[in-house]
Amino acid sequence: MTKPDPQRDHDDAFRGTYPNIRPRDAATLILIDRSETTPRVLVGRRHHGHVFMPNKIVFPGGRVDPTDHRVPVAAPIPSELEDLLMRGRPRIAAARARALATAAIREACEETGLCLGCRVSRVPSRLDGPWRPFADAGLLPDPSSLYLIARAITPTGRVRRFDTRFFTAEASRIAHRVPGVVHADAELVELVWMPLGAEPLKDLHPMTRNVLGVLERRLAAGPLGHDHPVPLFHFRNGTMLTDYI
């Protein structure tokens, strides 16, 4: 799975000579555990053999699949979250907003084996492919548990461009763990619940550090909600700008 790459540093943003391709929609999920005094976030280490960001600490995420908007869910995304996802440009439809939220859940399950969902009496037969772990566990994915933290768009001139929405969810929403997903030859070779402010988090991608800073401020302000400003990080003429949606 191609990983989202919202930003390198400002100089790198203009070293490429690639055409100005349209960014592809992507979603990243930051799972947070607040059972201890200092909140912890789940990070994974990428395999050293990957061309993109080898051996780097990352959050699970990837691009939206064409069928993500059709996946049956345990509960719809809240109207406030749907509204946030539909704001800004280019305008997207409600189905695309749902796809972004479900993509974050799918990517987290594919890369970490952790499934955010709710148990149901009957799982629809079309819940298959990458969603099979949910069906096997008697679950439907639950995007109602997600909060939008930030949005970031890869600068022009890059070989790959992504329009990434960063979501967060509480670790208590994990309903199932698939064994054996993380191993020495997988996309992620290890998973760690890491306290906010821990030294290894300084090695995150610069844009991801920005987003993590947004999350820290949100947590310090009180309970998570859908009524906080959501930053949009993007580039113009070599400068990173921050707008709010």
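Residues numbered from 1 in each chain as written. Predicted model: local features only at pLDDT ≥ 70, side-chain atom pairs only at ≥ 80, totals over all residues. Heavy atoms only, no water.

**Q** What exactly am I supposed to notice about the overall build of the protein here?
**A** Along the protein, the regular secondary structure elements total four helices and 12 strands. A buried classification covers 53% of the 245 residues belonging to the protein. Look at the contacts in the protein between residues 6 or more apart in sequence, and 71% of them connect residues 24 or more apart. Approximately 11,500 Å² of the protein is accessible, and the part contributed by carbon and sulfur atoms is 49%. (Helix = DSSP H or I, 4+ residues; strand = E, 2+ residues; numbered from the N terminus. Buried < 20%, exposed > 50% of the residue type's maximum accessible area, 1.4 Å probe, protein only. Contact = heavy atoms within 4.5 Å. Areas by Shrake-Rupley, 256 points an atom, 1.4 Å probe, with all protein chains shown as cover.)

**Q** Help me out: how do you make sense of unusual backbone geometry in this one?
**A** If a residue is not glycine, its phi is most likely negative; likewise, a peptide bond is most likely trans. That bond from Arg89 to Pro90 is cis: its omega, -5 degrees, falls within 30 degrees of zero. Looking at the secondary structure, you find Pro90 in the loop between helix H1 (79-86) and helix H2 (94-112).

**Q** Got a minute to help me understand the side chain of Asp68 in this structure?
**A** Mapped onto the fold, Asp68 is located in the loop between strand E4 (61-63) and H1. A polar contact is formed between the side chain of Asp68 and the backbone nitrogen of Asp65, at a distance of 2.8 Å. Not counting the four nearest positions on each side in its chain, Asp68 is found in contact with Ala99, Thr102, Ala103, Arg106 and Trp131. (Polar contact = N/O pair within 3.5 Å; in protein donor to acceptor, adjacent residues only side chain to side chain.)

**Q** Sorry if this is basic, but what is going on with the nonpolar core here?
**A** Within the largest apolar cluster, 41 residues are counted, with the highest numbers of intra-cluster contacts made by Leu29, Leu146 and Phe167. Those elements that place two or more of their residues in this core are strand E1 (24-33), H1, H2, strand E5 (114-119), helix H3 (132-136), strand E6 (139-141), strand E7 (147-153) and strand E8 (162-170). Looking at this core, the element that brings in the most residues is H2, giving nine residues. Judged by nonpolar contacts, the second largest core, of 23 residues, contains Ile57, Met194, Val214 and Leu215. (Core = buried A, V, L, I, M, F, W, Y, C linked by side-chain atoms within 4.5 Å.)

**Q** When you look at H1 in this model, what are you seeing that I'm missing?
**A** Buried residues of H1: Leu81, Leu84, Leu85 and Met86, and no others. Here the buried face of H1 lies against H2, E7 and E8. Of the residues one or two after H1, Gly88 is the one with positive phi, at around 80 degrees.

**Q** Would you explain the packing of aromatic side chains in this entry?
**A** Centre-to-centre distance and the angle between the planes together describe a pair of aromatic rings. By the definition in use, this model includes one aromatic pair. For the ring pair Trp131 and Phe134, a centre distance of 5.3 Å and an interplane angle of 50 degrees mean the geometry is tilted. Across the pair, exposure class does not vary: Trp131 and Phe134 are buried alike. (Phe/Tyr/Trp six-rings, centres within 6.5 Å; stacked < 30°, edge-to-face > 60°.)

**Q** Would you mind going over the environment of Thr28 with me for this structure?
**A** Tracing the backbone through its elements, the reader meets Thr28 in strand E1. Between the C-alpha atoms of Thr28 and Phe167, which are 139 residues apart in sequence, the distance is 6.0 Å.

**Q** Can you help me understand the sheet that holds strand E9 (residues 174-177) in this one?
**A** Think of a sheet as strands paired side by side through backbone hydrogen bonds, with each pair either parallel or antiparallel. In space, the three strands of this open sheet follow the order E6-E5-E9, with antiparallel pairing throughout. Edge positions in the open sheet fall to E6 and E9, since each of these has one partner strand only. Each adjacent strand pair in this sheet contributes to an overall mean axis angle of 65 degrees, direction not counted. In terms of strand pairing, E5 meets E6 through three bridges, oriented antiparallel. Paired with Cys118 across the strands is Leu140, a residue of E6. In the packing of H2 onto the sheet, the strands contacted are E5 and E6, and the crossing angle to E5 comes to about 125 degrees. (Pairing = 2+ DSSP bridges. Axes fitted to C-alpha atoms, helices over the stretch in contact; angles between N-to-C directions.)

**Q** Teacher, can you tell me more about the confidence of the model for the protein here?
**A** Where the model shows low pLDDT, its predicted coordinates should not be examined in detail. Confidence in the prediction for the protein averages 87 pLDDT; 89% of positions are at 70 or higher. Taken as a whole, residues 1-15 scores under 50 in pLDDT and shows 60 contacts with residues more than four places along the chain or in a different chain. (pLDDT = per-residue confidence, 0-100.)

**Q** Would you mind showing me how to read the packing of H1 against H2 here?
**A** Between two packed helices, what matters for the description is the angle formed by their axes and the separation of those axes. One way to put it is that H1 packs onto H2 with a least axis distance of 9 Å and a crossing angle of 105 degrees. Our classification of the angle between H1 and H2 gives roughly perpendicular. Across the interface between the two elements, Glu82, Leu85 and Met86 of H1 pack against Ala94, Ala97, Arg98 and Leu100 of H2. A per-class count over the contact of H1 with H2 returns five nonpolar, no polar and two charged. (Parallel < 35°, antiparallel > 145°, perpendicular 65-115°, else oblique. Nonpolar A, V, L, I, M, F, W, Y, C, P; charged D, E, K, R; others polar.)

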